[in-house]
Amino acid sequence: MRYLFYICVGLFFTTAASAKEIQVGFSYPVHSIREALRLAVTGDSIIVYGGNYREKNISITKSITLIGKNFPVLDGEHLYEIISIRAPFVTIEGFKIVHSGVSSIEDFAGIKICNVPHATIRNNILDDTFFGIYSQFGSFGLIENNQLKAYGKQEQQSGNGIHCWKSDRMRIIGNSI
């Protein structure tokens, strides 16, 4: 058992030591979040600088940290789910997420946690999204200090601000809806 512990600790420090930071912005070599995700490996941080990003659905399939500086805008153009978290240990922080698509069948969200543990969503602004933050079979997640605002006037045009469906041990702290 002791050897297993040392192996896990060694792997953790090896991954942390090799993690890199990828900068995204119009004045940086990487111009899109999708391109940064393609270049990233588990443990990397992607720093996104101010601007408007229209990248359809951003599907995160690696355990990374996605940080916005000066609240870059991720615009779903009223057509798409904006961020889908499909890997454990993902952090989303510091974005303005606007104009998700509307779908009562697919339950589009500004940010959706898709059957993974340990997602952290903090310090974001979500404006005009169908569901703001949607956890579907998520566990051990943290949803903290987000601001959510929606404008749907009919039930079919409006989901919940924060919705946890079949999720377990989620911490939801200090959000404004």
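Quick caveat, the model's predicted, so the values are computed rather than measured.

Caption draft 1: Molecular detail of the sheet that holds strand 8 (residues 91–93). In space, the seven strands of this open sheet follow the order 1-2-5-8-11-14-17, with parallel pairing throughout. Here the strands that pair on one side only, and so sit at the sheet edges, are strand 1 (21–24) and strand 17 (171–173). Geometrically, the sheet is characterised by an average inter-axis angle of 10 degrees between neighbouring strands, direction not taken into account. As paired strands, strand 1 and strand 2 (residues 45–49) are joined by four bridges and run parallel to one another. Looking at the pairing, isoleucine 22 lines up with isoleucine 46 of strand 2.

Caption draft 2: Spatial organisation of the packing of aromatic side chains. Per the counting criterion, the structure on display carries five aromatic pairs. Taking the centre distance of 5.2 Å and the plane angle of 90 degrees together, the rings of phenylalanine 130 and phenylalanine 131 count as edge-to-face. Like phenylalanine 131, phenylalanine 130 is buried. Considering the side-chain rings of phenylalanine 137 and tryptophan 165, the 5.2 Å spacing of their centres and the 80 degrees angle between planes classify their relative orientation as edge-to-face. Of the two residues, phenylalanine 137 sits in the loop between strand 13 (131–136) and strand 14 (142–144) while tryptophan 165 sits in strand 16 (residues 162–165), which places them 28 residues apart along the sequence.

Caption draft 3: Seen up close, the environment of arginine 86. Tracing the backbone shows arginine 86 in the loop between strand 7 (83–85) and strand 8. Remark: the alpha-carbon pair of arginine 86 and threonine 61, spanning 25 residues in sequence, is separated by 5.0 Å. Not counting chain neighbours up to four residues away, the residues in contact with arginine 86 comprise Ser59, Ile60, Thr61, Cys114 and Val116.

Caption draft 4: Here's a closer look at the sheet that holds strand 10 (residues 109–114). One open sheet holds the five strands; their spatial order is 4-7-10-13-16, and the pairing between them is parallel. A single partner strand is all that each edge strand has here, and the edge strands are strand 4 (58–60) and strand 16. If you compare each strand with its neighbour and ignore which way they point, the axes differ by 10 degrees on average. As paired strands, strand 4 and strand 7 are joined by three bridges and run parallel to one another. Looking at the pairing, isoleucine 60 lines up with isoleucine 85 of strand 7.

Reading guide: rules and limits
- Residues numbered from 1 in each chain as written.
- Predicted model: local features only at pLDDT ≥ 70, side-chain atom pairs only at ≥ 80, totals over all residues.
- Heavy atoms only, no water.
- Pairing = 2+ DSSP bridges.
- Helix = DSSP H or I, 4+ residues; strand = E, 2+ residues; numbered from the N terminus.
- Axes fitted to C-alpha atoms, helices over the stretch in contact; angles between N-to-C directions.
- Phe/Tyr/Trp six-rings, centres within 6.5 Å; stacked < 30°, edge-to-face > 60°.
- Buried < 20%, exposed > 50% of the residue type's maximum accessible area, 1.4 Å probe, protein only.
- Contact = heavy atoms within 4.5 Å.

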